[in-house]
Amino acid sequence: MSHIGSGRLAVITFSICTVVLGIVLSFVPWLDYIILRELRLWNGSLSYSYWQRPGVIRLTKVYIFNVTNPQGFLENGEKPKLNEVGPFVYREDMEKVNIKFHDNDTVTYQHNKILRFVPELSVDKSQKLVVPNIPLLTVTSFSPNMASFVFNLLVSGLSLTYRERAKPFVHVTAEELVFGYNDPLVTLAHYFYPKGKRPNSQMGLLLARNGTLSEVSTIYAGQDMKKFGYLDKINGLDHLPHWKEKPCTNIRASEGSFFPPRSVTKEDIVYIYDKDLCRILPMKYRKDTYKDGIKVALYTPPESTLESAELNPDNRCYCDGNQCPKRGLQNISPCQYNAPVYLSYPHFYDADPSLLEAVEGLSPDKEKHESYFLIQPKIGVPLEGQIRVQLNLKVDSASNIRVNNIHKFPDMVFPVMWLQEGIEEVTTPIWRLIFLATAFGPVFAPIVSYSLIICGILLIIYVFIKAYKKFVIGQNSIEIVELGRETLRRGSTLIINGSKLLNHKETSYQPLRKSTSTTSSGEETLQELTYIDKSENLSQSMDELKSILNRDFVKSNFNEAERESLIRADNAFILSEHRRYSVFKIPESLK
């Protein structure tokens, strides 16, 4: 351990911590923790900003059924011929206001909605259309249960004062039908109905959608992800007050922003609530698919949602007394000031065939008329979704009211309009966050964990290899120094670049060299012996020896990064290794 310096010890400690961290992260779902933390609703989370003011483009598309043969229908008994006119597109700018968080993991808020007409996506909204006179037919449908002369008197008075408003059909624009027009019966009801149940002062099917809604909603904020986004209370009630018994009174549903993740609940059914539906709408998981590269789950309504009460007893609580509608119809009159308004899928899709046979001009199509949601199963956020519903007026014949041929209007469910509301795609910033959390993150997380483990192990191996090399070099340096001294003491002769290094003595004589001059007889003369001091030469020769041995050995056995330091080092290990490769060999001629 003495050979491992403080720097290497710090690297080893860091490497061990890296390996441990990688192992821990590989077993702990740390990414899921981060995602769920940001998914919960709290002031400052990513989901809060998306929920409070959605950046998505939410569109409401309205299609109105224009009656092309009102006279033939009333006077000749023809089927009503309907011509679908639309879409009339409105962009919904929405935000949550009056937000309050509570200690029981709930948050209370109200919706503030503004619908703005989008002309570039719409047909001309100023054109006149012929539609049933909903206020009048609502009143006359109650006439069989009351004195007929009262209704005849009422309708007669309307025909004199408001001629056009006393007929079974009225001419209105799409804007008027959707956002309100003046009607004397509605005005009377507004003044005489009890406060709290009072309808609007105008007749408009979507009039109550604009502005801050009076409805106060309370939803779960996400501590328990099995309830995330679901309603806890509506106007302080834990049930729908329009119905008398369960399951019709249930409010366990989402308002559309978030759903409990299927990866958590393991359930195939989610629920959505819309005030206009007057009920919660179940959506059943169908299959996995992809939306813009993100895995999503497709949900559509179960076949039993609008099934008749005979086949689906859960729908019996929606019946008006003992009168239950046919398959494909839903009574929503409690949410429409007791007007006989029934909900269905557009064009009577998946409804009783008799409803479709009673009119002309409807063509049900699953792709165009079925509601659906594409929900990311890991986080419960919808990437696309459309709710498609049709509003129908249930008319009961008023045979005792003969003004304006009202008595000729038969018992039937008359289609008025259908609408589609939802989102087609999320914004790019929201898509990026969802993609990182659900597509990129699950791949990136294990890469991070295993990379930490591998890097930590490699660092530890590298440090110990370096420490081992230093330890071995240090041990052999002592041995080679001793070997060098012993060799010099024995008077070994070494060859250095063709020069002779003689016996190790303080003084020496230079051997006689042959003279270059010759005598007259032709014999070469010899120079006399010259006395030299070899102590200085010996020292220089040893320095040369070290330098040459270092350089030659290092060049052949070490890389560039290590050569410079080893060539200049006074390290006997090099001499030892050199000797092993027969560097120290005394030529036979000098022995």
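Before any of the text, the structure's been laid out above.
How each quantity is defined
Throughout this description, residue numbers start from 1 for each chain and increase along the sequence as written. Predicted model: local features are reported for residues with pLDDT of at least 70 only, side-chain atom pairs are reported and counted for 80 or more only, and whole-chain, interface and lining totals are derived from all residues. Side-chain metrics in this entry use all non-hydrogen atoms of the structure; hydrogen atoms and water are not considered. Helix and strand definitions follow DSSP, with helices as H or I runs of at least four residues and strands as E runs of at least two, each counted in order from the N terminus. Between two residues, a contact is recorded if the distance between any of their heavy atoms is within 4.5 Å. Exposure was quantified through the Shrake-Rupley algorithm and a 1.4 Å probe, taking into account, for residues, occlusion by the shown protein chains and nothing else. The buried label applies to any residue whose accessible area, calculated with a 1.4 Å probe on protein chains only, is under 20% of its type's maximum; exposed applies above 50%, and partly exposed to all values in between. Charged residues are defined here as Lys and Arg on the positive side and Asp and Glu on the negative side; His and the ends of the chain fall outside this count. By definition here, a salt bridge exists when the distance from a side-chain nitrogen of Lys or Arg to a carboxyl oxygen of Asp or Glu is within 4 Å. Nitrogen and oxygen atoms within 3.5 Å of one another constitute a polar contact, given that in protein one can donate a hydrogen and the other can accept it, and given that sequence-neighbouring residues count only through two side-chain atoms. In plain words, nonpolar cores are sets of buried Ala, Val, Leu, Ile, Met, Phe, Trp, Tyr and Cys residues tied together by side-chain atoms within 4.5 Å. Only when DSSP finds a minimum of two bridges between them are two strands counted as paired. In this scheme Phe, Tyr and Trp rings, the latter by its six-membered ring, pair at centre separations within 6.5 Å, and the angle between planes marks the pair as stacked below 30 degrees, edge-to-face above 60, and tilted otherwise. Disulfides are defined in this document as cysteine sulfur pairs within 2.5 Å.

### Section: the overall build of the chain
Consideration 1: On a plain count of helices and strands, the chain comes out with 15 helices and 21 strands.
Consideration 2: Put simply, of all contacts in the chain between residues at least 6 apart along the chain, 64% involve residues at least 24 apart.
Consideration 3: Total accessible area on the chain stands at roughly 32,100 Å², and carbon and sulfur atoms take up 54% of it.

### A look at helix 5 (residues 134-141)
Consideration 1: For helix 5, a buried count of seven out of eight residues is recorded, marking the element as mostly surrounded by other parts of the structure.
Consideration 2: Looking at helix 5, one finds that the buried residues are Ile134, Pro135, Leu136, Leu137, Thr138, Thr140 and Ser141.

### What about the side chain of Asp105?
Consideration 1: Mapping Asp105 onto the fold places it in the loop between strand 2 (82-102) and strand 3 (106-117).
Consideration 2: Here Asp105 sits buried without a salt bridge, and the closest side chain of opposite charge, Arg40, lies 6.7 Å off (N-O distance).
Consideration 3: Here the side chain of Asp105 touches Gln223 through a polar contact of 3.0 Å, landing on its backbone nitrogen.
Consideration 4: Excluding residues that lie within four positions of it along the chain, Asp105 makes contacts with Ile219, Tyr220, Ala221, Gly222, Gln223 and Asp224.

### Some details on the nonpolar core
Consideration 1: Counting residues in each nonpolar core, the largest one holds 105 residues, and the members touching the most others are Val62, Ile64, Phe409 and Met417.
Consideration 2: It is strand 15 (residues 412-423) that contributes the most residues to this core, eight residues altogether.
Consideration 3: With near-sequence residues (within four places) excluded, Val62 lies in contact with Val85, Gly86, Pro87, Phe88, Tyr90, Val178, Leu206, Met417, Trp418 and Leu419.
Consideration 4: Among the nonpolar cores identified, the runner-up in size contains five residues, and Leu136, Leu185, Ala398 and Ile401 belong to it.

### Notes on the pattern of salt bridges
Consideration 1: Taken as a whole and assessed by the stated rule, the structure comprises 17 salt bridges.
Consideration 2: The shortest N-O distance in the salt bridge between Arg252 and Glu267 comes to 4.0 Å. On the criterion of sequence distance, the pair formed by Arg252 in the loop between strand 7 (231-234) and helix 9 (262-265) and Glu267 in the loop between helix 9 and strand 8 (269-274) is long-range, its members being 15 residues apart.
Consideration 3: Judged by its relative accessible area of 41%, Arg252 falls in the partly exposed class.
Consideration 4: Ionic contacts of the salt-bridge type, sharing partners, join the residues Arg91, Asp93 and Arg116 into one network.

### What to know about the pairing of strand 5 (residues 169-173)
Consideration 1: With four of its five residues buried, strand 5 lies for the most part within the structure.
Consideration 2: Pairing of strand 4 (residues 128-132) with strand 5, which is carried by five bridges, proceeds in the antiparallel orientation. When the bridges of strand 5 are listed, Val131 appears paired with Val170.

### Description of the packing of aromatic side chains
Consideration 1: Counted according to the given criterion, the structure contains 19 aromatic pairs.
Consideration 2: Ring geometry for Tyr345 and Tyr349: centres 6.2 Å apart, planes at 50°, overall tilted. Tyr349 carries the same exposure label as Tyr345, and that label is buried.
Consideration 3: Joined through ring pairs, the aromatic side chains of Tyr48, Trp51, Phe101 and Tyr109 make up one cluster.

### What about the state of the cysteines?
Consideration 1: Throughout the structure, instances matching the rule amount to three disulfides.
Consideration 2: What pairs with Cys319 in a disulfide is Cys324, and their sulfur atoms sit 1.9 Å apart. Where Cys319 bonds to Cys324 through sulfur, the torsion about that S-S bond is close to 110°, and the disulfide is right-handed.
Consideration 3: On the basis of relative accessible area, Cys319 is assigned to the buried category, the value being 11%.
Consideration 4: Classification of Cys324 by relative accessible area gives partly exposed; the value is 25%.
Consideration 5: Taken in sequence order, the bonded cysteines of the chain link in the pattern 1-3, 2-6, 4-5.

### Some words on the environment of Val270
Consideration 1: On the secondary structure map, Val270 appears in strand 8.
Consideration 2: Once the C-alpha coordinates of Val270 and Ala253 are considered, the two residues, 17 residues apart in sequence, prove to be 7.3 Å apart.
Consideration 3: When sequence neighbours within four positions are dropped, the list of residues in contact with Val270 reads Tyr230, Phe259, Leu281, Pro282, Met283, Tyr299 and Ile375.

### Examining the side chain of Ser45
Consideration 1: Here Ser45 lies in the loop between helix 2 (30-39) and helix 3 (46-52).
Consideration 2: In this structure Ser45 comes out as buried when scored by relative accessible area, which is 3%.
Consideration 3: Once you skip the residues sitting within four places of it in the chain, Ser45 turns out to touch Arg37, Glu38 and Arg40.

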